[in-house]
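The residues making up each chain are set out below.
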There are 2 protein chains.
Amino acid sequence: MRKNNYKRFGVVLLCIMHYALCINAASVLSPNGNIVLNFTVENGRPTYSMSYKGKEVVRPSHLGLELAKDKHASMGMDERDLMSGFSLDKEETSTFDETWQPVWGETRDIRNHYNEYVATLSQQWRTAPPKANGNIRLQPRLHRRTILIRFRVYDDGIGFRYEFPQQPELNYFLIKEERSEFAMAGDHKAWWLPGDYDTQEQETQESKLSEIRSQMKEAINWGNSSVAVFSPTGVQTSLQMKSDDGLYINIHEAACADYATMHLELVDDETDAMTTKLEGNSNAYTPNPTASNYELPQPFTFVSHLTPDATGLKGAMQTPCETPWRTVMVSDDARDMLSSNLILNLNEPCALDDTSWIHPTKYCGVWWEMIVGRGSWHYTNDFPSIQLDKIDWNKVKPNGTHKANNENVKRYIDFAAKNGLDEVLVEGWNVGWEDWANMWKRDVFDFVTPYPDFDIKMLNDYAHSKGVKLLMHHETSSSTQNYERHMEKAFQLMNKYGYDAVKTGYVGDIIPRGDHHYSQSMNNHYLYVVKEAAKHHIMVNAHEATRPTGLCRTYPNMVGNESARGTEYEAFGGSRPDHTCILPFTRLQGGPMDYTPGIFVTKLSEWSDNPSWARITLAGSLALYLTMYSPLQMAADLPENYEKFDDAFQFIRDVACDWDNSIYLEAEPADYITVARKAKGTDNWFVGGKCDENGHKSTIKLDFLDKGKKYDCTIYADAKDAHYEKNPQAYTITKRVVKAGDVLKVTEAPGGGFAVSLIAK
Amino acid sequence: MRKNNYKRFGVVLLCIMHYALCINAASVLSPNGNIVLNFTVENGRPTYSMSYKGKEVVRPSHLGLELAKDKHASMGMDERDLMSGFSLDKEETSTFDETWQPVWGETRDIRNHYNEYVATLSQQWRTAPPKANGNIRLQPRLHRRTILIRFRVYDDGIGFRYEFPQQPELNYFLIKEERSEFAMAGDHKAWWLPGDYDTQEQETQESKLSEIRSQMKEAINWGNSSVAVFSPTGVQTSLQMKSDDGLYINIHEAACADYATMHLELVDDETDAMTTKLEGNSNAYTPNPTASNYELPQPFTFVSHLTPDATGLKGAMQTPCETPWRTVMVSDDARDMLSSNLILNLNEPCALDDTSWIHPTKYCGVWWEMIVGRGSWHYTNDFPSIQLDKIDWNKVKPNGTHKANNENVKRYIDFAAKNGLDEVLVEGWNVGWEDWANMWKRDVFDFVTPYPDFDIKMLNDYAHSKGVKLLMHHETSSSTQNYERHMEKAFQLMNKYGYDAVKTGYVGDIIPRGDHHYSQSMNNHYLYVVKEAAKHHIMVNAHEATRPTGLCRTYPNMVGNESARGTEYEAFGGSRPDHTCILPFTRLQGGPMDYTPGIFVTKLSEWSDNPSWARITLAGSLALYLTMYSPLQMAADLPENYEKFDDAFQFIRDVACDWDNSIYLEAEPADYITVARKAKGTDNWFVGGKCDENGHKSTIKLDFLDKGKKYDCTIYADAKDAHYEKNPQAYTITKRVVKAGDVLKVTEAPGGGFAVSLIAK
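A. Region of the structure containing the pairing of strand E27 (residues 539-543) of chain B. All names here are of chain B. Counting buried positions over the 5 residues of E27 gives 5, a clear majority of the element. Across 5 bridges, strand E26 (residues 501-505) lies against E27 in parallel orientation. For Val502, the partnering residue across the bridge sits in E27 and is Val540. In this view, the connection linking E26 to its parallel neighbour E27 by way of helix H8 (residues 520-535) has right-handed handedness. In this structure, E27 lies alongside strand E28 (residues 558-561), joined through 3 bridges in parallel fashion. Across the sheet, residue Asn541 finds its bridge partner in E28, namely Gly560.

B. Geometry of the side chain of Asn610 of chain A. Residues and elements named next belong to chain A. By secondary structure assignment, the location of Asn610 is in the loop between helix H9 (579-582) and helix H10 (618-627). Using a relative accessible area of 8% as the deciding quantity, one classes Asn610 as buried. In this structure the side chain of Asn610 is engaged in a polar contact, spanning 3.1 Å, whose partner is the backbone oxygen of Val372. Here Asn610 is in contact with Val372, Ala571, Leu604 and Ser605, once residues within four sequence places are set aside.

C. Geometry of the environment of Ser356 of chain A. All names here are of chain A. Residue placement: Ser356 occurs in the loop between helix H3 (342-345) and strand E23 (361-366). Sequence separation between Ser356 and Thr401 is 45 residues; the distance between their C-alpha atoms is 39 Å. Here the side chain of Ser356 touches Asp354 through a polar contact of 2.7 Å, side chain to side chain.

D. Looking closely at the interface of chain A and chain B. The partner chain B presents 45 residues to the 45 residues of chain A that form the contact. Summed over both partners, the interface of chain A with chain B buries about 4,000 Å², with 45% contributed by carbon and sulfur atoms. Seen at the junction of chain A and chain B, the total is 6 salt bridges. The shortest N-O distance in the salt bridge between Arg485 of chain B and Glu484 of chain A comes to 2.8 Å. Run the count over chain A and chain B and you get 34 residue pairs in polar contact (both at pLDDT 80 or more). At the level of elements, strand E11 (172-178), strand E20 (315-318), helix H7 (480-497) and helix H8 (520-535) of chain A are the ones that each hand at least two residues to the side of chain A that touches chain B. The leading source of residues in the side of chain A that touches chain B is H8 of chain A, at 4 residues. Looking at side-chain class alone, the side of chain A that touches chain B contains 16 nonpolar, 17 polar and 12 charged residues.

E. View of the packing of helix H5 (residues 406-419) of chain B against helix H6 (residues 456-465) of chain B. Residues and elements named next belong to chain B. In contact at an axis separation of 10 Å, H5 and H6 are set at 15° when each is read in the N-to-C sense. Considering the angle they form, H5 stands roughly parallel to H6. Crossing of H5 against H6: the hand is right-handed. Residues Asn406, Val409, Lys410, Ile413 and Asp414 of H5 pack against Met458, Leu459, Tyr462 and Ala463 of H6.

F. Main features of the relation of the copies chain A and chain B. The operation relating chain A to chain B is a screw motion whose rotation component is 180°, with 0.0 Å of axial translation and a residual RMSD of 0.0 Å. On this basis, the relationship between the two copies can be described by a two-fold rotation axis. Across chain A, the smallest distance between a C-alpha and the rotation axis is recorded for Ala310 of chain A, namely 3.0 Å. Here 100% of the contact residues of chain A are again contact residues in chain B; the copies associate through an equivalent surface.

G. Spatial organisation of helix H5 (residues 406-419) of chain A. The end-to-end C-alpha distance of H5 of chain A, which contains 14 residues, comes to 20 Å, matching closely the 20 Å that a straight helix rising 1.5 Å per residue would cover. Phi turns positive, to about 70°, at Gly420 of chain A, one or two residues after H5 of chain A.

H. Highlighting helix H7 (residues 480-497) of chain B. Compared with an ideal rise of 1.5 Å per residue, which puts 18 residues at 26 Å, H7 of chain B spans 24 Å between its outermost C-alpha atoms and is within 8% of the ideal. Met487 of chain B marks the point of greatest bend in H7 of chain B, at about 50°. Looking at H7 of chain B, one finds that the buried residues are Thr480, Asn482, Tyr483, Glu484, Arg485, Met487, Ala490, Phe491, Leu493, Met494 and Tyr497 of chain B. The elements touched by buried residues of H7 of chain B are H7 and H8 of chain A together with H6, strand E25 (469-475), E26 and H8 of chain B. Where H7 of chain B ends, the next residue or the one after it, Gly498 of chain B, has phi of about 90°, a positive value.

I. Spatial organisation of the packing of aromatic side chains. All names here are of chain A. What the rule picks out here adds up to 70 aromatic pairs over all chains. Ring plane angle 55° and centroid distance 5.2 Å describe the contact between Tyr114 and Tyr154, whose orientation is recorded as tilted. Of the two residues, Tyr114 sits in strand E8 (residues 110-127) while Tyr154 sits in strand E9 (residues 141-154), which places them 40 residues apart along the sequence. The burial state of Tyr114 is the same as that of Tyr154; both residues are buried. Judged by centre distance (5.6 Å) and plane angle (45°), the rings of Phe151 and Phe160 are tilted. When its relative accessible area of 0% is taken as the criterion, Phe160 is described as buried. The structure contains a cluster of three or more aromatic residues connected by ring pairs, namely Phe39, Tyr48, Tyr117, Phe151, Phe160, Tyr162 and Phe182.

J. View of the pattern of salt bridges. Scanning all chains against the criterion turns up 96 salt bridges over all chains. In this structure, the salt-bridge partner of Asp683 of chain A is Lys678 of chain A, at a minimum N-O distance of 3.9 Å. For Lys678 of chain A, a relative accessible area of 17% translates into the label buried. A salt bridge links Asp443 of chain B to Arg442 of chain B; the shortest N-O distance between them is 2.9 Å. The structure contains a network of salt bridges with shared partners spanning Glu116, Arg150, Arg152, Arg161 and Glu163 of chain A.

K. Just the sheet that holds strand E37 (residues 753-760) of chain B, in detail. Residue and element names in this part refer to chain B. Read from one edge of the open sheet, 6 strands run E30-E31-E32-E37-E34-E35, paired in antiparallel fashion. Single-partner strands in this sheet number two, and they are strand E30 (659-668) and strand E35 (731-739). Between one strand axis and the next, the sheet turns through 15° on average, direction left out of account. In this structure, strand E34 (residues 710-718) lies alongside E37, joined through 7 bridges in antiparallel fashion. Note on E37: the bridge partner recorded for Ile715 is Val756. Here helix H10 (residues 618-627) sits on the sheet and contacts E30, strand E31 (672-679), strand E32 (685-691), E34, E35 and E37; the angle it forms with E32, its principal contact strand, is near 120°. Running at roughly 125° to E34, helix H12 (residues 646-654) makes contact with E32, E34, E35 and E37 of the sheet.

L. Spotlight on the side chain of Thr361 of chain A. Residues and elements named next belong to chain A. By the element assignment, Thr361 lies in strand E23. For Thr361, a relative accessible area of 2% corresponds to the buried category. Within the structure, Thr361 has its side chain in polar contact with the side chain of His359 (distance 3.1 Å). Apart from the residues within four sequence positions on either side, Thr361 is in contact with Asp422, Glu423, Met539, Pro631, Leu632, Gln633 and Cys657.

M. The arrangement of the sheet that holds strand E28 (residues 558-561) of chain A in detail. Residues and elements named next belong to chain A. Taking strand neighbours across the sheet as the criterion, the 7 strands line up as E28-E27-E26-E25-E24-E23-E29 in an open arrangement whose pairing is parallel. Single-partner strands in this sheet number two, and they are E28 and strand E29 (632-634). With direction set aside, neighbouring strand axes in the sheet form an average angle of 25°. Alignment of strand E25 (residues 469-475) against strand E26 (residues 501-505), held across 4 bridges, turns out to be parallel. Across the sheet, the residue bridging to His473 is Lys503, located in E26.

Conventions we followed
- Residues numbered from 1 in each chain as written.
- Chains lettered and ligands numbered in written order.
- Predicted model: local features only at pLDDT ≥ 70, side-chain atom pairs only at ≥ 80, totals over all residues.
- Heavy atoms only, no water.
- Buried < 20%, exposed > 50% of the residue type's maximum accessible area, 1.4 Å probe, protein only.
- Helix = DSSP H or I, 4+ residues; strand = E, 2+ residues; numbered from the N terminus.
- Pairing = 2+ DSSP bridges.
- Right-handed = clockwise from strand over helix to strand, strands pointing away.
- Polar contact = N/O pair within 3.5 Å; in protein donor to acceptor, adjacent residues only side chain to side chain.
- Contact = heavy atoms within 4.5 Å.
- Buried area = accessible area lost by both parts, 1.4 Å probe.
- Salt bridge = Lys/Arg side-chain N within 4 Å of Asp/Glu carboxyl O.
- Nonpolar A, V, L, I, M, F, W, Y, C, P; charged D, E, K, R; others polar.
- Axes fitted to C-alpha atoms, helices over the stretch in contact; angles between N-to-C directions.
- Parallel < 35°, antiparallel > 145°, perpendicular 65-115°, else oblique.
- Left-handed = near helix turned anticlockwise from the far one by under 90°.
- Least-squares fit on C-alpha atoms with pLDDT ≥ 70 in both.
- Expected span 1.5 Å × (residues − 1).
- Bend = angle between axes of the 7 residues up to and from the residue.
- Phe/Tyr/Trp six-rings, centres within 6.5 Å; stacked < 30°, edge-to-face > 60°.

Keep in mind these values describe shape, not function.
Set out below in structure tokens:
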């Protein structure tokens with residue numbers, strides 16, 4: 001199904017080669033010709049630039065990697081930088097065009113159509129001759145090594161990566177820093193998160209590139225989420241920008257597997273050195289100019305900045321190998337940013353032989369009431385700290401607030417069964433929550449021992465008898481060694497009781513100490529978990545793990561990730577109303593997010609002591625099931641809160657979470673998104689619109705409907721006086737029959753939205 | 001069998017308490033009164049001293065730990081040092097006397113007899129009052145926390161440890177450095193290794209304490225083995241010393257499980273600050289005076305120095321917990337250093353319910369010929385590097401030098417079967433040896449895939465048919481995460497084919513990068529392997545793992561360790577002739593060593609291109625089976641070399657490796673050791689003597705033999721003109737019948753020794 005129909009059409013591209021002086025150059029066009037990629041080797045440095053419809057997107061930018069010195073140099077560890085001294089040995093071009101079907105996704109078919117350009121580059125150098133042998137004078141030794149830079153030019157952007165063939169002169173190396181440059185053509189507006197080695201959960205900042213430095217301090221303090229910031233101009237990917245002349249530009253990466261996650265460090269007028277490492281774990285920037293010979297590029301250039309390991313190094317490589325793809329998406333239509341499949345296409349085809357056990361999932365769970373503070377994950381308050389092997393759980397005093405108890409879980413199972421939800425997440429089911437995070441405690445959980453009030457067999461049997469599954473939860477508290485030690489037995493337990501999905505969590509500092517959430521070793525760990533889970537037919541939804549880069553194409557049992565500021569922050573002081581109008585442009589580029597939408601009672605004080613409130617209307621909450629694409633959709637609010645608004649909850653009952661087609665109707669970053677989606681294997685459509693704090697008027701032409709068919713149309717909209725703060729629960733539900741070509745006009749309230757179901761008659 | 005018959009006899013000790021000014025003091029005597037331990041709290045600092053027969057052994061020395069600052073301080077991570085401000089709250093004394101039986105050992109019974117003294121110490125401090133509430137003035141908050149220091153006073157030394165009860169004010173903490181002092185009473189002679197975070201394989205240095213600093217540079221270069229030295233006066237434990245007035249003093253530790261291995265840093269006249277961390281991985285010392293307020297003790301004081309993790313910290317602790325025991329052994333008779341069971345006694349009783357599957361083992365193996373360089377562990381020379389998942393091993397070109405091939409292994413199995421050896425070690429049986437160490441390669445081995453020329457089923461079947469077992473080999477190349485990921489399947493493979501023992505290896509730098517061989521996390525790993533192996537009834541012999549501290553009492557499937565300079569160095573340039581007369585005083589204190597003795601053809605050039613030669617006579621090689629106690633004894637030389645000296649090899653066939661009794665007849669560190677041992681469950685005795693480069697005349701009174709019995713006595717001795725360099729293979733074998741009271745006189749050649757078997761008629 002996802003067989004790779006790779007066909008080489010030979011050189012079909014317009015290739016212009018200048019063999020003059022030190023410059024070789026090639027221009028590669030995208031299939032429709034809108035994007036032009038230029039590549040040259042200029043004074044020995046690989047250099048690329050990129051344009052869209054004649055407009056500069058990336059100005060000439062250098063590519064290369066700095067390598068680290070290592071004590072094993074004499075034993076074959078290569079140390080020479082891969083930055084300069086290159087000559088262009090060979091150029092290859094080809095075209096690729098295939099259509100593949102994802103196991104789950106926004107569309108049934110995905111076209112992967114690009115023109116490819118591969119530059120083979122070599123470095124040569126001489127070292128002193130071996131010691132003279134008698135009267136024979138030996139020649140200096142000539143060394144030569146080769147790397148490839150592979151570009152794929154799509155109609156909606158480019159991807160490039162470094163490839164390191166196996167060869168005697170490049171065998172093992174340590175990366176001090178990757179220096180891929182992205183020179184922007186102007187002072188674009190950007191939606192950015194402070195670059196951070198350990199969190200992605202800050203509020204998005206909106207500013208000109210030139211304002212990033214001045215806005216960083218406030219950005220770090222905002223919501224108090226930053227953990228390990230490394231530079232006054234460091235930002236995260238996916239980075240969405242908009243140029244003054246109306247280009248939408250997005251920088252991210254694809255297929256980041258056994259490699260450190262990339263950040264971007266902006267060179268601006270004040271930059272005098274690039275940061276190279278973080279001293280300690282504080283939020284201090286530590287530019288270290290003496291540690292690098294890196295020559296600063298021009299202002300408005302982003303330079304890649306990888307996440308380090310505990311020793312400050314960015315990666316250990318063994319050839320043959322390659323980096324992830326670095327991606328630059330571009331369009332003059334914001335909707336193209338959302339419909340692009342460039343990241344998925346740059347990933348490898350599905351690696352699993354059997355995917356029949358993977359399914360999109362709607363779920364509810366024992367979760368929100370603890371997040372809000374009305375219940376606890378932990379079972380007892382008897383101990384200042386616990387050691388798992390020293391407690392008889394049947395003898396400790398329950399605290400009375402533990403929510404993962406039989407009675408409460410059954411209530412959720414009943415709710416799921418009644419409303420057609422597939423699974424019920426239960427957090428806090430297993431022993432260890434009494435002191436689980438941030439105390440450098442390695443042996444935190446065993447992932448197999450339930451608290452005494454959670455009867456794992458009874459509850460799974462009960463759920464199965466009602467056609468519902470329980471959804472497992474493995475909070476690792478970032479003690480990855482502990483998780484890897486227990487994982488096989490934990491998965492066996494899941495198989496035994498009939499769980500088929502796990503939500504994992506990585507709250508707190510990484511153990512082993514000194515490592516970071518997005519380092520090479522941690523990225524290897526996250527994928528290791530996904531691969532091991534696949535052997536047990538288990539789907540994985542990893543929270544606090546590294547931001548996704550499309551690996552779900554290759555491992556479609558990776559059905560979700562958090563990796564951004566999710567709904568939980570609505571209980572931690574709240575997120576801005578435009579937050580969900582930004583995420584699809586940024587976080588969602590790499591893969592679906594388990595955003596856990598669906599908060600109906602937005603003022604949490606209505607049912608708890610929590611003064612926080614969600615900055616969204618109820619109709620807006622419904623919209624998220626469409627605008628925030630995911631094969632995994634939670635109905636996050638309490639069953640009793642949904643029961644109060646059962647007519648609105650009907651939409652959550654109805655909405656699909658897997659699609660044959662998706663059409664983005666309207667989009668502007670941080671302002672509004674409107675999308676129509678066709679439910680998989682049906683003729684039914686669903687339309688959702690979500691807007692920022694300013695409201696939005698949406699006009700929806702139903703020209704995507706099947707001609708000749710009629711549809712029962714139900715519109716869940718903000719009431720006239722609805723407002724995310726003043727009147728969030730004011731909504732209207734209207735029903736009519738519509739056909740192709742009809743037009744719907746919906747007004748979205750400030751912080752509001754709408755949802756429409758179109759059921760074929 | 002090892003049930004702890006703990007009886008408290010109340011206060012049976014001479015306790016003198018001075019309740020005056022700031023001094024509390026107690027004196028605790030050993031059961032025979034020879035050792036006196038004094039403990040005081042002097043100006044708030046816990047202080048101990050120790051004497052033996054009225055002679056000062058440890059002058060007043062402070063105890064305490066410095067804690068690290070941590071970003072989680074506000075969440076319950078304790079940061080206040082445990083160094084000063086203590087008051088003595090409570091003192092408890094008791095006596096303990098039991099006799100227990102080890103699963104294997106030098107004697108059938110071990111007496112554990114000590115007087116115990118426990119000091120309960122508390123710190124109090126006040127913090128600012130909470131914010132005033134209206135007109136009510138709140139009091140400053142009073143804080144109090146408690147630690148215990150537990151001393152056990154034996155007739156042959158003392159042990160003490162810190163204990164941290166669970167309590168609100170001491171819950172989690174990070175150790176910046178343990179500051180246990182050992183103030184020596186004079187400028188003793190010491191046998192020391194340079195303190196090193198990653199190796200214990202240097203040659204032992206012999207010098208006065210005052211000469212350690214000046215001799216360190218040479219020591220580091222010697223044999224080129226040092227890896228991560230941290231101080232110009234840092235040395236390893238077990239540290240053997242001898243005072244000018246004839247006291248033998250040894251400092252080591254016991255029961256180091258989930259805690260960093262201790263080194264000792266000597267304060268001398270030139271010390272101006274204690275080192276606190278190693279910058280980078282170079283052999284540079286980095287004293288960091290600003291990082292510590294530690295007040296320097298007097299010269300000739302050793303201060304504990306723990307092995308750091310990748311961030312430079314020494315440990316993460318959660319109460320209730322305790323440190324390992326710190327031990328000071330002392331006697332005026334060197335033989336007591338060797339017969340002492342203090343380290344074993346300070347460990348916990350056996351934790352395994354069933355030990356029936358654990359057995360002493362004599363083995364040979366496919367090993368020495370690779371160490372010497374006449375064969376290879378790896379199978380092919382086709383690749384500059386390999387990736388396990390990318391090679392079809394059946395298609396690669398064999399290099400022809402791979403020694404773990406069916407034919408060669410069968411030859412060793414035949415040899416073992418013919419000569420009554422229990423097992424055959426095979427190194428290089430599994431894929432991955434082509435590029436296995438020091439390249440920061442994580443996925444080095446899978447521990448389950450044999451090379452094509454190693455038929456794992458056939459060879460195990462063949463061995464079993466001859467009454468022999470194969471001995472598994474797991475070289476991890478220190479990629480511990482990789483080993484832990486594969487370990488369970490590797491042990492399952494062993495169970496499947498009938499292996500019951502594994503030799504593990506930790507060559508090269510630890511992965512994850514930045515960690516060290518003797519850190520808390522690595523010590524946890526080594527023990528994790530032993531515990532997991534026990535579940536599969538597998539015995540473990542770990543090479544390059546941390547030096548043992550008696551944990552084999554608790555986990556007797558830990559049948560051996562290398563953790564010092566073994567026989568392999570005889571092929572790497574050689575070790576000094578006195579090396580094996582030092583190891584029993586130092587390395588062997590914590591547990592048996594897999595020294596792999598038995599080299600008969602000491603000039604390796606006789607059968608290989610290796611110019612190295614072992615500095616030992618053939619008779620000396622036989623002696624090692626007795627003087628280097630281990631339940632695991634290898635006959636390391638090639639079968640064909642043994643066949644040339646079959647009359648001498650008879651001793652290796654005959655000698656036991658488990659004992660009902662052991663009597664050290666003569667001993668002087670670095671000079672000579674003579675021991676008589678009674679084979680377990682028999683009336684047979686074996687006597688061995690080993691000496692340094694000066695030779696030794698041994699007079700052995702056979703008064704340990706059963707009166708009335710006669711014994712066939714075979715004496716394997718150096719010939720008159722034997723010499724470790726000039727004439728190593730000159731030996732004599734003489735036979736006679738002896739009885740109790742007879743006297744044997746044996747002359748040991750320079751670098752020589754002797755072995756005697758006494759078989760009851």
